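An overview of the molecular structure
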Amino acid sequence: MAKAPATEIRPGVYRIPTAPWDLVNSYAFVDDDGQVTLVDTGTKAAPKKISAALSWIGSAPSQVTRIVLTHAHPDHAGGLNTLANETGADVVAHEADAPSLRSGRTPARDLSSFGGRLLERLPGGGFTPTEVAEEFVDGQVLDVGGGLEVVHTPGHSPGHVALLHHRSGILITGDSIFNVRGLRWSPAFFCTNFQLTKKTATRLAELDYEVAAFTHGPQITDGPRDAIRDFLRRERVATD
Ligand SMILES: [Zn+2]
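Let me begin by describing the structure that accompanies this report. (Residues numbered from 1 in each chain as written. Predicted model: local features only at pLDDT ≥ 70, side-chain atom pairs only at ≥ 80, totals over all residues. Heavy atoms only, no water.)

1. With respect to the packing of aromatic side chains
By convention here, two paired aromatic rings are described through the distance between centres and the angle between planes. Tallied over the full model, the rule gives 2 aromatic pairs. With 4.9 Å between their ring centres and 55° between their planes, tryptophan 185 and phenylalanine 231 make a pair best called tilted. Residue tryptophan 185 is found in the loop between β13 (183-184) and α6 (194-201), and its partner phenylalanine 231 is found in helix α8 (residues 224-234); the two are separated by 46 residues along the sequence. Taken together, a centroid distance of 4.8 Å and an interplanar angle of 55° make the contact between phenylalanine 189 and phenylalanine 190 tilted. Among the residues examined, phenylalanine 190 registers a relative accessible area of 33% and is labelled partly exposed. (Phe/Tyr/Trp six-rings, centres within 6.5 Å; stacked < 30°, edge-to-face > 60°. Helix = DSSP H or I, 4+ residues; strand = E, 2+ residues; numbered from the N terminus. Buried < 20%, exposed > 50% of the residue type's maximum accessible area, 1.4 Å probe, protein only.)

2. What about the sheet that holds strand β3 (residues 25-30)?
Pairing is mixed in the open sheet, where 7 strands are placed in the order β1-β2-β3-β4-β5-β6-β7. Either end of the sheet is taken by a strand with one partner, and the two such strands are β1 (7-10) and β7 (134-136). Pairwise comparison of adjacent strand axes, ignoring direction, gives a mean angle of 25° for this sheet. Across 5 bridges, strand β2 (residues 13-17) lies against β3 in antiparallel orientation. Each residue of the ladder has a partner; that of arginine 15, found in β3, is tyrosine 27. Packing of helix α1 (residues 47-57) onto the sheet brings it into contact with β2, β3, β4 (36-39) and β5 (64-68), and relative to β2 it is tilted by some 145°. Strands in contact with helix α3 (residues 80-87) are β4, β5 and β6 (90-94); relative to β5, the strand with the most contacts, it is inclined by about 160°. (Pairing = 2+ DSSP bridges. Axes fitted to C-alpha atoms, helices over the stretch in contact; angles between N-to-C directions. Contact = heavy atoms within 4.5 Å.)

3. Considering α1
Looking at α1, one finds that the buried residues are Pro47, Ile50, Ala53, Leu54 and Ile57. Across the axial projection of α1, the buried residues extend over an arc of 120°, all falling on one side. Every exposed residue of α1 that faces more than 90 degrees away from the buried side is listed here: Lys48 and Ser55. Residues of α1 that are buried make contact with β2, β3, β4, β5 and α3. At the C-terminal side of α1, glycine 58 shows a positive phi close to 100°. (Arc of directions from axis to C-beta.)

4. Details of the pairing of β6
Regular strands place side chains that alternate from one sheet face to the opposite one. Burial of β6 is extensive: 4 of the 5 residues sit out of reach of the surface. Here 3 bridges tie β5 to β6, and the two strands are oriented parallel to one another. For arginine 66, the partnering residue across the bridge sits in β6 and is aspartate 90. Note: β6 against β7, 3 bridges, orientation parallel. For alanine 93, the partnering residue across the bridge sits in β7 and is glutamate 135.

5. Let's talk about the coordination of the zinc ion
Bound to the zinc ion on the protein side are Asp75 (OD), His76 (NE2), Asp175 (OD) and His216 (NE2), at distances that span 1.9 to 2.5 Å. In this structure, the zinc ion is coordinated by 4 donor atoms arranged in irregular fashion, with angles at the metal of 85 to 165°. In the primary structure, the donors to the zinc ion are separated according to the pattern D-H-x98-D-x40-H. Looking at histidine 76, the relative accessible area reads 1%, which means it is buried. (Donors = N, O, S within 2.8 Å, 3.2 Å for Na, K, Ca; no water. Tetrahedral: all angles 85-135°; square planar, octahedral: opposite > 155°, others 65-115°.)

6. Some thoughts on α3
Each turn of an α-helix holds 3.6 residues, which means side chains three or four residues apart point in the same direction. Burial in α3 covers these residues: Leu80, Asn81, Leu83, Ala84 and Thr87. Buried residues belonging to α3 abut β4, α1, β5, α2 (74-77), β6 and α4 (98-103).

7. As for the pattern of salt bridges
Within the structure shown, the criterion is met by 9 salt bridges. Between aspartate 22 and arginine 15 there is a salt bridge, and its shortest N-O distance comes to 3.1 Å. In terms of burial, aspartate 22 and arginine 15 fall into one category: buried. The residue aspartate 230 makes a salt bridge to arginine 233 at a minimum N-O spacing of 2.6 Å. (Salt bridge = Lys/Arg side-chain N within 4 Å of Asp/Glu carboxyl O.)

Structure below.
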């Protein structure tokens, strides 16, 4: 049997894998009135998969009214321009990453790592410049079915955010923490400031949620908060 193009992780909240083995995920929140908010848009190749998932969910492209970006990297914003054009949705992102989305340039890499210095010299790696309709800041609650709270967790990029959906109890960690063969950090060379990534991830230990949903890897539904707190303790970035 072919794999379904999306997984409903809580009523009205879907994870849409856009790469094999759940390595890269987008999310769709379907409001009671049928409006859809998309979180992240995968690589340039992802829009076909996301469109297929939306029709599997039963949503038309015109029902997507908002596209939220966790951050401005090519594996999250690569499909942005195509999807923004297809749906006519407003693009919203943190104020510190909005300039990168508008210019199509990935924020600076952590040059303290060899990989970061190498990546910095490679051409391309960006995405198509796209207009951002609305910029948000830490603590803002977006008008997505029951409220989607912005948790600014800079480091991976200056405007990187996690997103807490109040009604479903889902936390989207963004790239603060990966769940690829267990919890782990993003490779340092993908980060603007790797030390800051680790430091701000401790914010995820303080929040209340019932599901940890990752942009890289499958969700954790069984004790996600304990799993994340244990990881942070193991990594010695949280002490209590
Ligand atoms: Zn990523």
